[in-house]
Amino acid sequence: MIRFLTKGILRDRSRSLFPILIVAAGAFLTVAFYCYIQGAEINVVRSSANLRFGHVRVMTAAYAAEADQIPNDAALTGVEALKEKLRTLAPEMDWVARIQFGGLLDVPDAGGETRIQAPAAGMAVDLLTPGSIEPGLLNLERILVRGRLPQRAGEVLIGDELARKLGLEPGAPVTLVGSAMHGGMSMANLAVAGTIRFGIQAMDRTGIIADLADIRGALDMEDAAGEVLGLFRDGIYVHERAKALAAAFNAGPAAPSDSFRPVMQTLAQQPGLDIMIEKMGLFTAILVLVFLLAMSLVQWNAGLIGTLRRHGEFGLRLALGESKDRAYLSLLGEAVIIGLIGSAIGTALGLALAYYLQAHGIDVSGMMKNMSFLMDPILRAKITPFAFAVGFVPGLLASVIGTAIAGRAIYKRRTATLFKELET
Amino acid sequence: MENGMLIKTTDLTKVYPMGGQSITALDKVNLSFAKGEFAGLVGPSGSGKTTLLNILGSLDVPTRGSAEVLGEKIETLTHRKAAELRNHHIGFIFQTFNLLPVYTVYENVEFPLLLLGMAPAARRRAVLAALEWVHLSDRARSRPAQLSGGQCQRVAIARAVVKKPDLVLADEPTANLDAENSHHILHTMADINRDLGTTFLFSTHDDKVISHLRRKITLIDGRVAKDEPGPAAEKRP
Ligand SMILES: Nc1ncnc2c1ncn2[C@@H]1O[C@H](COP(=O)(O)OP(=O)(O)OP(=O)(O)O)[C@@H](O)[C@H]1O
Ligand SMILES: [Mg+2]
């Protein structure tokens, strides 16, 4: 009987072509979107990890409690020893120390008197040690607008917008006024090496990137750092591994009451990313559900038109002794065949597009001139094993659901009436 | 069934609701048919011929009265039981739209056997034999659209008789055919009637069909007006 149905589907274009096209289109969109979301997630996760949080983030418990206030008085101390310990614990990761800091940027005039001041929010990273991975993580080459990257102690990068507001050219001297780790005011005389554009307004208006050693000196933070970030070398966040590592680290011997004990958090615990990482399954389910609903409606309609057109055929088949149950089941059988063929075609096309995006990407930097430079301007996708199956869910189900609803017409009419409709 | 009757109707009545009124398509029809009959329903348009055939074929149900076919009371059959009765015992030939256009001649004839769940080898033998009866063995792979009207009707006959049913119901089987084709298919059906003992019941306006009948029943306004031996009565096998 399946052979019989398949022949019918293949020979009757109007029975097959349109429904298969719908199913294929739906499966294609589902697969392509799914892979794109996977790719986008990886992009966002990657830039969040590189710029702010690492894949895991170590801070003191006190610092972690109000990390958004940058409480450097609760910074980690003994950072070199800590990094050594972390390297032993997780040799597959890179470990970097960073200091976030706030302060006032003071621009002197020719006579050395204050000409203009502006608040600044900075990040101190290891810019100068040969082989430091930080310039690469922050993508400094690409976000540089004017000047050059720092090459000597005392050189900083500042947000291009901030630089313009303050009338600063590369090479200009600035003074950073802040508060030292153990209290008291601190001052550091710095030189602007270049300006950068993050593409994030707040950072462009107030942002500074300084060398870690300079800021340690200025803030009296020798061998201290606000945070130590760990990043998997391949750049891909693996939640299970990060979670296991954090659990192992946090289970260490330090007294839990010590508010200066170092604690490790995963990327998924960072603000905004919890949703991104942990609710991804939910997003996918919603995406698939939306496609399923939309396509079921279309298939229902296509099925209504289809069965209307085929009342004659069904009348005849019933007259020949087919039971209504069997006729209905044969319609569902056709729907399964159509769903499988359409889903297979759509999935193949979707994966082909996703593969292209994964391998080459589509450069949309032209379209995002004024958007975040921190975002990768290459549209990418990621093919996961589930991508092979995800298109079949809406494809097959929509075909079957749509037909199941439309096909009830078989039961709603007397056989003789069904038959008569073909004679007119 | 009593007296070896294949069909027996008792005060069979069919009333169609029509807006506020109702149309009595069949009015207390009492008829019996024995196995092996070659009988026809004649009468003016609207006299109830199709209605009667549909009820006897369990495609429709009586409003009142009873129709007993092969021991089954049509008025009490479930959908499933009715399908089973048609599937195993009754072959249909209709005036138009007799064939499934998507399928070949061979597949159209094969369809009732697929429903019966017959084994492939036996199925193949039966289909080829049925095509032989109607002289269409050479067109097995054609689609209905590639056949003439007469050839289509012959395929429909092959499909109606391929499962060797007890009863074939044919509603104006020659209405779309020319004289030559009409005679041809009537000879075919008469041969099958003689060789297999299949009971045939026609509805027709066609004199050529009537000339082959061994029993002729005239319906007028849903009533049996006349029930007489047909022109071919003396040829009774
Ligand atoms: N589904 C229906 N609803 C309402 N009335 C119907 C229906 N089917 C048939 N009738 C009516 O029942 C009567 C008998 O119809 P039927 O089709 O049995 O006639 P017939 O003898 O086959 O006519 P013809 O020779 O034209 O085919 C007619 O008056 C017809 O209008
Ligand atoms: Mg009629």
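**Q** Can you break down the overall build of chain A residue by residue, with the values?
**A** A count of helical and extended segments in chain A gives 18 helices and 12 strands. Within chain A, the fraction of its 424 residues that count as buried is 51%. The long-range fraction of contacts in chain A, counting pairs at least 24 apart against all pairs at least 6 apart in sequence, stands at 75%. Accessible area of chain A: about 19,300 Å², with a carbon and sulfur share of 63%.

**Q** Requested: an account of the interface of chain B and chain A, with residues and values cited.
**A** Each partner contributes to the interface: chain B provides 27 residues, whereas chain A provides 28 residues. Both faces combined, the contact of chain B with chain A buries some 2,700 Å², and carbon together with sulfur accounts for 62% of it. In this structure, the connection of chain B to chain A is made through three salt bridges. Close ionic contact of E107 of chain B with R11 of chain A constitutes a salt bridge, the shortest N to O distance being 2.6 Å. Our count for the contact surface shared by chain B and chain A stands at six residue pairs in polar contact (both at pLDDT 80 or more). Counting only elements with at least two residues in the side of chain B that touches chain A, the list comes to helix 2 (79-89) and helix 3 (105-116) of chain B. Of all the elements, helix 2 of chain B adds the most residues to the side of chain B that touches chain A, at five residues. Split by residue class, the side of chain B that touches chain A holds 14 nonpolar, six polar and seven charged.

**Q** Would you mind going over the pairing of strand 4 (residues 38-42) of chain B in detail, with residue names and values included?
**A** The side chains of a regular strand alternate between both faces of the sheet. All names here are of chain B. With respect to burial, strand 4 is a largely interior element, five of its five residues being buried. Two elements, strand 4 and strand 9 (residues 199-203), share four bridges in a ladder whose sense is parallel. In the sheet register, F38 faces strand 9, and the bridge partner there is F200. Sheet topology note: the strand 4/strand 10 (residues 215-220) ladder contains four bridges and is parallel. Following the sheet pairing, A39 is matched in strand 10 by R215.

**Q** An account of the sheet that holds strand 4 of chain B is requested, with residue identities and associated values reported.
**A** Residues and elements named next belong to chain B. Spatially, the six strands line up as an open sheet ordered 7-8-9-4-10-11, and their pairing is mixed. Every other strand in the sheet has two partners, leaving strand 7 (90-93) and strand 11 (223-229) as the edge strands with one partner each. For this sheet, the mean inter-axis angle between neighbouring strands, taken without regard to orientation, is 15°. Where helix 2 meets the sheet, its contacts fall on strand 7 and strand 8 (167-171), and the angle it forms with strand 7 comes to roughly 80°.

**Q** Tell me what's going on with helix 9 (residues 212-219) of chain A, and back it up with residues and numbers.
**A** Along an α-helix, a turn takes 3.6 residues, which lines up residues three or four apart on a common side. Residue and element names in this part refer to chain A. Across the eight residues of helix 9, six count as buried, placing the element largely inside the fold. If you check which residues of helix 9 are buried, you get L212, D214, I215, R216, A218 and L219. Once helix 9 ends, the next one or two residues include D220, with phi positive near 60°.

**Q** Give a detailed account of a nonpolar patch on the surface, specifying residues and quantitative values.
**A** Residues and elements named next belong to chain A. The grouping of L282, F283, I286 and V290 at the surface amounts to a nonpolar patch, some 370 Å² of accessible area in total. Locating I286 in the fold gives a position in helix 12 (residues 280-309). Overall, I286 belongs to the partly exposed group, its relative accessible area being 46%.

**Q** Could you give an account of the site of ligand 1, naming the residues involved and the relevant values?
**A** The immediate surroundings of ligand 1 are formed by 13 residues, with S45, G46, K49, T50 and T51 of chain B found nearest. At ligand 1, the nearby residues belong to more than one chain, namely chains A and B. Between ligand 1 and S45 of chain B there is a distance of 2.4 Å, counted from an oxygen atom to a side-chain nitrogen or oxygen. At 2.9 Å from an oxygen atom of ligand 1 is found a side-chain nitrogen or oxygen belonging to H205 of chain B. Expressed as a share of its isolated accessible area of 630 Å², the protein-covered part of ligand 1 is 69%. Secondary-structure elements contributing two or more residues to the shell around ligand 1 are strand 2 (21-29) and helix 1 (49-56) of chain B. Of the residues forming the shell around ligand 1, the biggest block, three residues, is contributed by helix 1 of chain B. Across the shell around ligand 1, the residue classes tally to three nonpolar, seven polar and three charged.

**Q** Account for the side chain of R98 of chain A, naming residues and giving values.
**A** All names here are of chain A. Inspection of the secondary structure assignment puts R98 in strand 2 (residues 93-108). A distance of 2.9 Å separates the side chain of R98 from the backbone oxygen of N50, its partner in a polar contact. A distance of 2.7 Å separates polar atoms of two side chains, one belonging to R98 and the other to E134.

**Q** Account for the environment of D195 of chain B, with residues named and values stated.
**A** All names here are of chain B. Of note, D195 is situated in helix 6 (residues 179-196). What makes D195 exposed here is its relative accessible area of 54%. In terms of polar contacts, D195 uses its side chain to reach the side chain of R194, at 3.2 Å.

**Q** Quick rundown of the nonpolar core? Include the residues and the values.
**A** Membership of the largest hydrophobic core comes to 58 residues, with the highest contact counts inside it found for V58, W95, L168, V228 and M264 of chain A. Of the residues forming this core, the biggest block, eight residues, is contributed by strand 2 of chain A. L26, L31, L100 and L169 of chain B belong to the second largest nonpolar core, which has 38 residues in total.

**Q** A description of the packing of helix 1 (residues 2-11) of chain A against helix 14 (residues 324-359) of chain A should follow, citing residues and the corresponding values.
**A** Residue and element names in this part refer to chain A. As a packed pair, helix 1 and helix 14 sit with axes 10 Å apart at the nearest point and diverge in direction by 65°. The handedness of the crossing between helix 1 and helix 14 comes out as right-handed. Across from I2, L5, T6 and I9 in helix 1, the residues of helix 14 making contact are S330, G333, E334, I337 and I338. Taken together, the residues of the contact of helix 1 with helix 14 break down into five nonpolar, three polar and one charged.

Definitions and limits used
Residues numbered from 1 in each chain as written. Chains lettered and ligands numbered in written order. Predicted model: local features only at pLDDT ≥ 70, side-chain atom pairs only at ≥ 80, totals over all residues. Heavy atoms only, no water. Helix = DSSP H or I, 4+ residues; strand = E, 2+ residues; numbered from the N terminus. Buried < 20%, exposed > 50% of the residue type's maximum accessible area, 1.4 Å probe, protein only. Contact = heavy atoms within 4.5 Å. Areas by Shrake-Rupley, 256 points an atom, 1.4 Å probe, with all protein chains shown as cover. Buried area = accessible area lost by both parts, 1.4 Å probe. Salt bridge = Lys/Arg side-chain N within 4 Å of Asp/Glu carboxyl O. Polar contact = N/O pair within 3.5 Å; in protein donor to acceptor, adjacent residues only side chain to side chain. Nonpolar A, V, L, I, M, F, W, Y, C, P; charged D, E, K, R; others polar. Pairing = 2+ DSSP bridges. Axes fitted to C-alpha atoms, helices over the stretch in contact; angles between N-to-C directions. Patch = residues over 30% accessible without salt bridge, like charges linked within 9 Å, V, L, I, M, F, W, Y side chains within 5 Å. Near = heavy atom within 4 Å. Core = buried A, V, L, I, M, F, W, Y, C linked by side-chain atoms within 4.5 Å. Left-handed = near helix turned anticlockwise from the far one by under 90°.

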